[in-house]
Amino acid sequence: MLTPVLHAARRKATRIVAAGLALVTLASLTACAPTAEDDDRPVVLTTFTVLADIARQVAGDELRVESITKVGAEIHGYEPTPLDVAKASEADLILDNGMNLEAWFEQFVASMDVPHVVVSDGVEEVPIAGDAYAGLPNPHAWMSPLNVQLYVDNMVTAFSDLAPASASIFQENAAAYKAELQAVHDELIAAIEPLPTSQRALVTCEGAFSYLARDAGLQEVYIWPVNAEQQATPQQIAGVIDHVRDNDVPAVFCESTVSDAPMRQVVDATDAEFGGTLYVDSLSEEDGPVPSYLDLIRHDVDTIVAGLTGEQGGTS
């Protein structure tokens, strides 16, 4: 992950890769046998479910896209398994977010002769502003629909190199998907335009919304900058309480993969409502609230708009 967690994650990944490479042949047979018999499409492997869904929208039926991490997984502290190594070694292309998000995956890429693409290439990075991570790029670039259009362009290039005969299909899929992404961004801009400047604040548990906030003209406020299995400090909570009070922020939010208890303290100490749960690092199951990336970003935008504009009450 990021310093200092980065070093520990790399040590874990090194140990796992060393053991996993010895099991690649057996594990890969176990992992791939059920599908390989019936599906001879090139395999694209992503590091987490959000990237997998975006990739599927671009790939259509031309490629088989899989995710290393499962639905609901917390991406920052994920610990890969030997089976993950096996899946990666059998892939035709590996996609990851980059920007220090998947330090646990770096050992995989370094040890395998598999094409590898960082889908965030070209994104204008927003540096993390606090704690031990200050100055490093915030990795959550996919939380901006505008950035995801760059992800899509990078995928089109990579997929066209992998399956040239399907290049026109990838381009058509990408154009339609990018139009939907742009519509989400435009709807957010229009919805928050009437808000007073001081109330245009996106207050969350983790600083995962830097890119969405930047692109929408919202001030980002958070309790901790990056989820690193840490507890919120009294100073962090107090700082958010002061900002919410001083600016009459109407609603605050928290991400689905972390405890909202610290943000509930902010609610108890201010007039703000708890505006709802936001999704960042993982999709849900098919019958859940955010089974696709478009569902995820629309849910988050709708929840943010409702909380800040008072279109519907939050739960305090």
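Residues numbered from 1 in each chain as written. Predicted model: local features only at pLDDT ≥ 70, side-chain atom pairs only at ≥ 80, totals over all residues. Heavy atoms only, no water.

A. Region of interest: the overall build of the chain. The secondary structure content of the chain amounts to 11 helices and 8 strands. Within the chain, the fraction of its 316 residues that count as buried is 52%. If you take every contact in the chain between residues at least 6 apart in sequence, the share linking residues at least 24 apart comes to 65%. With the model as given, the accessible surface of the chain reaches about 13300 Å², and the carbon-plus-sulfur share is 49%. (Helix = DSSP H or I, 4+ residues; strand = E, 2+ residues; numbered from the N terminus. Buried < 20%, exposed > 50% of the residue type's maximum accessible area, 1.4 Å probe, protein only. Contact = heavy atoms within 4.5 Å. Areas by Shrake-Rupley, 256 points an atom, 1.4 Å probe, with all protein chains shown as cover.)

B. Spatial organisation of the state of the cysteines. By the definition in use, this model includes 1 disulfide. Across the disulfide, Cys205 is cross-linked to Cys254 (sulfur-sulfur distance 2.0 Å). In this structure the cystine formed by Cys205 and Cys254 twists about its S-S bond by roughly -115 degrees; its chirality is therefore left-handed. With Cys205 in strand β5 (residues 201-206) and Cys254 in strand β7 (residues 251-255), this pair connects stretches of sequence that are 49 residues apart. In this structure Cys254 comes out as buried when scored by relative accessible area, which is 1%. (Disulfide = S-S within 2.5 Å.)

C. Quick look at the nonpolar core. Counting residues in hydrophobic clusters, the biggest one holds 73 residues, and the most contacted among them are Trp142, Val152, Phe159 and Tyr293. The element contributing the most residues to this core is helix α11 (residues 293-309), with 8 residues. Non-local contacts of Tyr293, meaning those with residues more than four positions away in its chain, are made with Val50, Asp53, Ile54, Trp142, Met143, Ser144, Pro145, Val148, Tyr177, Leu181 and Leu283. Trp224, Val240, Val252 and Val267 belong to the second largest nonpolar core, which has 19 residues in total. (Core = buried A, V, L, I, M, F, W, Y, C linked by side-chain atoms within 4.5 Å.)

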